[in-house]
Amino acid sequence: MNESLRYIVLLLLFAGSTLLASVAHAVTESKAQSGDVARGQILFARYCTGCHGPEGGGDGYRFARGPDAANLRSPSIKKKSDAVLLKTIHEGKPNMPPWNTRLSEKESRDVLAYVRTLAK
Ligand code: HEC
C-alpha cells in the first residue's frame with residue numbers, strides 16, 4: 001500500500017472509532033439524564049398525590065395559609081426547566097417539603113419524568 005493512502009485509511013479508522021465512542025457516550029448520557037416514568041409514577045402516588053392530587057392537578061390537600069399545591073398539569077410547569085423543578089423537589093417551597101432526604105437523585109429524576117407526562 002502506498003504510504004499516504006495508508007495514512008488516510010488509518011485516519012479514517014481513527015475518526016470512525018472516536019465518532020462511535022461519542023455516539024455511544026451520548027446515548028448512555030441521555031439514558032442517565034431521563035428518568036424512569038413507571039418508577040416515577042409509583043413514587044408520585046406515594047409522596048406527592050396527597051397535595052398535588054391523584055393526577056397532579058393541584059387538587060389535593062388545601063392549606064389554611066400560604067400557596068396551594070401547584071397544578072403540575074399547567075403550561076407554566078411545562079415551561080419550567082428540569083433544573084428548576086428538580087430544585088423545588090429537592091429543596092421544597094413554602095408548603096412543600098424538601099424531598100432530598102427521601103428521594104435519591106435518580107428517584108427525583110424518575111418522579112420528574114412522570115410529572116412531565118402529566119402536562120398536556
Ligand atoms: C405537603 C404538600 C406537598 C407535597 C407532599 C408535595 N408538594 Fe409539590 N408543591 C406543594 C406546594 C404548596 C407547591 C407550590 C409552592 C409555591 O408555589 O410556592 C408545590 C409545588 C411543586 C412544584 C412546582 C415547582 C415550581 O417551581 O413551580 C413541583 C414540580 C412539585 N411541587 C413537585 C412535587 C413532587 C414531585 C412531590 C412528591 C415527591 C411533591 N411536589 C410533593 C406542596 C406539596
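Residues numbered from 1 in each chain as written. Predicted model: local features only at pLDDT ≥ 70, side-chain atom pairs only at ≥ 80, totals over all residues.

> Which residues make up the overall build of the chain, and what are the values?
Looking only at helices and strands, one finds six helices and zero strands in the chain. What you see in the chain, going N to C, is helices and strands ordered as α-α-α-α-α-α. Taken over 120 residues, the chain has a buried fraction of 15%. Counting only contacts in the chain whose residues sit at least 6 apart along the sequence, the fraction spanning at least 24 positions is 52%. (Helix = DSSP H or I, 4+ residues; strand = E, 2+ residues; numbered from the N terminus. Buried ≥ 20, exposed ≤ 12 C-beta atoms within 10 Å, placed from the backbone. Contact = placed C-beta atoms within 7 Å.)

> Lay out the site of the ligand with the relevant residues and their values.
Taken together, 25 residues form the shell around the ligand, and within it Cys48, Cys51, Ala70, Asn95 and Met96 come nearest. Mapped onto the shell around the ligand, the elements with two or more residues apiece are helix 3 (49-52), helix 5 (82-91) and helix 6 (105-118). Ranked by residues supplied to the shell around the ligand, first place goes to helix 5 with four residues. (Near = placed C-beta within 6 Å.)

> I'd like a description of the packing of helix 5 against helix 6, backed by residues and values.
Two numbers describe how helix 5 lies on helix 6: the axes approach to 10 Å, and their chain directions differ by 120°. With respect to helix 6, the axis of helix 5 lies oblique. At the point where helix 5 passes helix 6, the crossing takes the right-handed sense. From helix 5, Asp82, Leu85, Leu86, Ile89 and His90 reach across to helix 6, where they touch Ser108, Val111, Leu112 and Val115. Taken together, the residues that form the contact of helix 5 with helix 6 break down as six nonpolar, two polar and one charged. (Axes fitted to C-alpha atoms, helices over the stretch in contact; angles between N-to-C directions. Parallel < 35°, antiparallel > 145°, perpendicular 65-115°, else oblique. Left-handed = near helix turned anticlockwise from the far one by under 90°. Nonpolar A, V, L, I, M, F, W, Y, C, P; charged D, E, K, R; others polar.)

> Could you give an account of the packing of helix 2 (residues 37-47) against helix 6, with specific residues and numbers?
It is at 7 Å that the axes of helix 2 and helix 6 come closest, and there the two elements cross at 95°. As summarised for this structure, helix 2 and helix 6 are arranged roughly perpendicular, according to the angle between their axes. Taking contact as the criterion, the partners of Val37, Arg39, Gly40, Gln41, Leu43 and Phe44 in helix 2 are, on helix 6, Glu107, Asp110, Val111, Ala113, Tyr114 and Thr117. When its residues are assigned to classes, the contact of helix 2 with helix 6 shows six nonpolar, three polar and three charged.

> Give me the nonpolar core: which residues, what numbers.
Judged by nonpolar contacts, Phe44, Cys48, Ala69, Ala70, Leu72, Ile89, Trp99, Val111, Ala113, Tyr114 and Val115 together constitute the single largest core of eleven residues. At four residues, the largest contribution of residues to this core is made by helix 6. Apart from the residues within four sequence positions on either side, isoleucine 89 is in contact with Trp99, Ser108, Val111 and Leu112. (Core = buried A, V, L, I, M, F, W, Y, C linked by C-beta atoms within 7 Å.)

> Could you give an account of the confidence of the model for the chain, with specific residues and numbers?
Averaged over all residues, the pLDDT of the chain equals 87, while 86% of them reach at least 70. Helix 2 holds the highest mean pLDDT among the elements of the chain, 98, whereas helix 1 (residues 3-33) holds the lowest, 65. (pLDDT = per-residue confidence, 0-100.)

> Can you break down helix 6 residue by residue, with the values?
Three- or four-residue spacings in an α-helix give side chains the same orientation, since the helix completes a turn every 3.6 residues. Spanning 14 residues, helix 6 covers 20 Å between terminal C-alpha atoms, matching the ideal 20 Å at 1.5 Å per step. When helix 6 is considered as a whole, its buried residues turn out to be Ser108, Arg109, Asp110, Val111, Ala113, Tyr114 and Val115. (Expected span 1.5 Å × (residues − 1).)

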